[in-house]
Amino acid sequence: MSRIKRVLIVLGSVVTVVVLTIGGLFTWLWTGADVSTAGRVAFDEKLAIPPLAKSSVDKDGTRVFDLRMRAGTTEFKDGVKTPTWGFNGSYLGPTLRAARDEKVRVRIRNDLAETSTVHWHGMHLPARMDGGPHQMIASGAAWSPHWTVDQPAATLWYHPHPHGSTARHVARGLAGLFLVDDKESGRLPLPKRYGVDDLPLVVQDVRFDGAKLDTGRGFLRNVGFLGDRTMVNGTLNPYQEVHDAHIRLRLLNASTARTYAFGFPDGRAFSLIATDGGLLERPASMERVQLSPGERAEIVVRMRAGERVTLRSFPQDNYGDAWQRRFSGGDDTFDVLELRAADRLRPSPRLPAVLGGLEIPDGEEGAVRGRHFDLKRSGINGREMAMGRVDETVTRGTTEVWTVRNGNGMPHNFHVHDVQFRVLEVDGQKPPPALRGPKDTVFLPDGTTMRLALRFDGPADPETPYMYHCHLLYHEDEGMMGQFVVVEKGQRARIPAPHPTHARHAHGRG
């Protein structure tokens with residue numbers, strides 16, 4: 001009997017040690033999972049402004065840009081050379097700018113040691129020019145997409161889209177802005193001097209492993225890579241001196257997985273004037289704007305002479321349950337950029353009460369059909385991405401309503417190539433002001449359902465698909481993506497077999 005008692009005592013002790021160890025490990029993981037740089041950023045580096053890309057104009061009026069994808073090194077920290085990729089430089093790329101109705105051509109050369117692509121995120125253009133995974137550019141090869149700009153003024157961007165490798169290519173530095181102008185927005189009294197009172201802000205989270213960029217996905221980080229600090233336009237600890245009362249910030253979330261909630265520590269309101277696809281109908285006053293990967297927003301901030309104000313990303317209460325907030329970045333806080341106002345500021349005109357009209361459907365009237373998209377890491381609607389399979393076929397010139405639902409227990413977002421859509425409902429309710437403008441990407445925390453109105457104006461191409469996918473790029477690379485083609489009435493899709501370089505590699509599932 002005494003022997004059994006001793007065994008029970010030993011077993012009890014072992015169980016107690018195991019429980020305490022597991023409890024201690026969990027406590028350590030939990031308390032160390034959130035990140036905050038609030039109040040700890042030196043803001044000692046002047047913000048780099050991406051240069052406007054040089055261009056030429058052909059005899060037929062086509063504006064021509066040149067982009068080279070190349071490898072190099074970048075000194076994010078003085079004297080420390082980090083291996084990076086960029087367009088026309090070692091990291092990120094120049095800002096392309098063109099006007100509505102203008103013909104453009106971009107001559108791209110891939111000087112990297114591996115195949116990649118260049119996708120025009122948010123641009124309405126033919127499928128063959130889209131730069132998705134069907135338009136691969138081999139190492140040493142060139143590609144010259146061309147199209148006519150046919151959409152309102154907007155802040156768009158370009159980045160690689162190779163199937164299975166998008167996150168890695170974007171994280172290495174391949175990204176840049178593409179600004180579209182039009183006559184209507186040009187007449188509005190908005191800040192519009194690029195790099196002066198109209199600031200492009202490419203926001204990324206990063207983590208360094210010595211001199212290298214660490215892009216590994218951490219333990220329990222099921223959204224993908226999450227960094228421990230941010231940089232803007234490739235600048236760590238950035239500040240920008242401003243000399244005008246109104247400053248326009250063109251915010252792009254170019255991170256691969258992190259979602260931000262931008263605002264200011266003093267609680268000041270700002271005016272949201274534009275979302276992904278262009279201007280809102282009216283400015284919307286708010287204190288926070290949430291952007292998931294790939295989303296853009298244009299805000300106008302009123303400055304006071306002599307002040308310093310920090311652009312901050314705050315914790316997010318709509319990010320899911322406590323577990324998701326803690327381990328997927330929703331609890332994190334980042335000081336992103338310091339704006340330093342001059343002692344005397346140039347006066348800025350009052351923002352217009354009306355900005356413009358949305359060129360997208362405002363309801364279900366005229367919609368020819370509805371579609372449903374269920375978001376899961378294993379695939380959309382239960383199907384993993386397949387290059388040779390058409391998932392949806394839509395008819396040119398029609399409007400559809402897509403219902404997108406995330407019940408996957410983790411955050412996702414949803415991006416559609418080629419079109420800008422209108423958010424009709426969020427969980428059965430009218431969308432908040434930040435979702436009432438033209439959108440091509442929306443954030444869907446767990447348990448969220450959105451209804452979107454999309455119009456497909458072509459051109460039709462039954463052989464070349466566009467993509468829809470989660471823009472948390474780790475999820476996209478795993479296969480959380482589908483394909484649709486736009487056809488004329490009565491046509492059928494006929495996608496040719498994918499090129500061997502498009503073969504999928506097996507990915508594990510969490």
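Basis of the calculations
Residues numbered from 1 in each chain as written. Predicted model: local features only at pLDDT ≥ 70, side-chain atom pairs only at ≥ 80, totals over all residues. Heavy atoms only, no water. Pairing = 2+ DSSP bridges. Helix = DSSP H or I, 4+ residues; strand = E, 2+ residues; numbered from the N terminus. Phe/Tyr/Trp six-rings, centres within 6.5 Å; stacked < 30°, edge-to-face > 60°. Buried < 20%, exposed > 50% of the residue type's maximum accessible area, 1.4 Å probe, protein only. pLDDT = per-residue confidence, 0-100. Contact = heavy atoms within 4.5 Å. Polar contact = N/O pair within 3.5 Å; in protein donor to acceptor, adjacent residues only side chain to side chain. Core = buried A, V, L, I, M, F, W, Y, C linked by side-chain atoms within 4.5 Å.

## Overview of the sheet that holds strand β26 (residues 367-376)
Stage number 1. Across the sheet, which stays open at both edges, the five strands sit in the order β27-β26-β29-β33-β31 with mixed pairing between neighbours. Here the strands that pair on one side only, and so sit at the sheet edges, are β27 (379-380) and β31 (422-426).
Stage number 2. Two strands pair when backbone bridges link them, and β26 and strand β29 (residues 398-406) are joined in this way by eight bridges, in the parallel orientation. Each bridged residue has a counterpart across the sheet, and for H372 the counterpart in β29 is T403.

## Concerning the packing of aromatic side chains
Stage number 1. Counted according to the given criterion, the structure contains 23 aromatic pairs.
Stage number 2. Between W120 and W147, the aromatic rings sit 5.4 Å apart at their centres with planes inclined by 45 degrees, giving tilted as the arrangement. With W120 in strand β7 (residues 119-121) and W147 in strand β9 (residues 146-148), the pair connects residues that are 27 residues apart, well separated along the chain. W147 carries the same exposure label as W120, and that label is buried.
Stage number 3. Between F373 and Y468, the ring centres sit 5.0 Å apart and the planes meet at 70 degrees, which makes this aromatic pair edge-to-face. Within this pair, whereas F373 is found in strand β26, its partner Y468 is found in strand β34 (residues 466-469), the two being separated by 95 residues in sequence.

## Quick notes on the sheet that holds strand β19 (residues 260-263)
Stage number 1. Sheet architecture is open: six strands sit in the order β1-β17-β25-β24-β19-β22, paired in mixed fashion. Either end of the sheet is taken by a strand with one partner, and the two such strands are β1 (45-46) and β22 (289-291).
Stage number 2. Of the pairings in the sheet, the one linking β19 to β22 comprises three bridges and is antiparallel in character. Opposite F262, over in β22, you have V289 as the bridge partner.

## Re the confidence of the model for the protein chain
Stage number 1. Across the protein chain, the average pLDDT comes to 92, with 92% of residues at or above 70.
Stage number 2. With pLDDT under 50 throughout, residues 500-510 is counted as low confidence; its partners more than four residues away or in other chains account for 21 contacts.

## Some details on the pairing of β26
Stage number 1. Here β26 pairs with β27 via two bridges, running antiparallel. When the bridges of β27 are listed, K376 appears paired with G379.

## With respect to the side chain of T448
Stage number 1. You can see T448 is positioned in strand β33 (residues 448-456).
Stage number 2. What makes T448 buried here is its relative accessible area of 8%.
Stage number 3. Within the structure, T448 has its side chain in polar contact with the backbone oxygen of P445 (distance 2.9 Å).
Stage number 4. Other than its neighbours up to four places away in sequence, T448 contacts V404, R405, N406, V426 and D427.

## Section: the nonpolar core
Stage number 1. Residues L201, L249, L251, F262 and V289 are the most contacted members of the largest nonpolar core, which totals 39 residues.
Stage number 2. Of all the elements, strand β25 (residues 334-346) adds the most residues to this core, at five residues.
Stage number 3. Not counting chain neighbours up to four residues away, the residues in contact with L201 comprise L47, V232, N233, L249, R250, L251, L252, L311 and L337.
Stage number 4. Residues Y319, I380, V416 and M480 belong to the second largest nonpolar core, which totals 32 residues.

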